Amino acid sequence: MAEPFPFELVSPERLLLSESVVSVVVPGSDGEFTVLKDHAPFMATIKPGCVVVTQVGGGVQKFFVRGGFADVNGAGLTILAEQAIPLESLDPEAFALEIRNAEEDVADARDDAQRTVAQTKLQQLQDIREALGH
């Protein structure tokens, strides 16, 4: 089994996870990558998607992240996410309703500024739905 390393997942609202883990799969902007102990140092931007954390006991935690940065260094891995939500706390039916409402907001937008805001919100909701696998 792989050796554990320190991992932190941080969003603007709070520290979501800070513990030793076995591996972390990250949705990098240039493609998904997996971090294990003693990974080569680097920084990467993150695209919206699912971070999959394999814990020391074998458990798996999944988080939807909406952009951010991953920093791999000698101290471990730190993800600074624009937004991070544990997948188990998301309700697919509630998102379906929110997506329908956002689609209506895009259709009802009176100008480019409103349309841009509505399209951004719609895209974020669709990213979450995709991370949920629905």
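Computed from a predicted structure; not experimentally measured. (Residues numbered from 1 in each chain as written. Predicted model: local features only at pLDDT ≥ 70, side-chain atom pairs only at ≥ 80, totals over all residues. Heavy atoms only, no water.)

J.: Even after reading the chapter, I still don't get the pairing of strand β5 (residues 49-55), so can you show me in this structure?
T.: Looking down a regular strand, the side chains alternate between one sheet face and the other. Summarising the sheet, strand β2 (residues 15-28) and β5 pair through four bridges and their orientation is antiparallel. What sits directly across from V21, in β5, is Q55. Strand direction decides the pairing type here: β5 and strand β6 (residues 60-65), joined by six bridges, are antiparallel. Bridged to V53 within β6 is Q61. Hairpin remark: β5 followed by β6, antiparallel, with four residues in the connecting loop; positive phi at G58, about 100°. (Pairing = 2+ DSSP bridges. Helix = DSSP H or I, 4+ residues; strand = E, 2+ residues; numbered from the N terminus.)

J.: When you look at the nonpolar core in this model, what are you seeing that I'm missing?
T.: Generally speaking, a soluble globular protein has its nonpolar side chains buried in company with each other. Counting residues in hydrophobic clusters, the biggest one holds 22 residues, and the most contacted among them are F7, L9, V24, V26, V53, L77 and I79. Of all the elements in the fold, those that place two or more residues in this core are β1 (5-10), β2, β3 (31-35), β4 (42-46), β5, β6, β7 (68-73) and β8 (76-81). Not counting residues up to four positions away in its chain, the partners in contact with L77 are F5, P6, F7, E8, V24, V26, V35, A70, D71 and V72. Counting residues in each nonpolar core, the second largest holds twelve residues, with C50, L87, L90 and L125 among its members. (Core = buried A, V, L, I, M, F, W, Y, C linked by side-chain atoms within 4.5 Å. Buried < 20%, exposed > 50% of the residue type's maximum accessible area, 1.4 Å probe, protein only. Contact = heavy atoms within 4.5 Å.)

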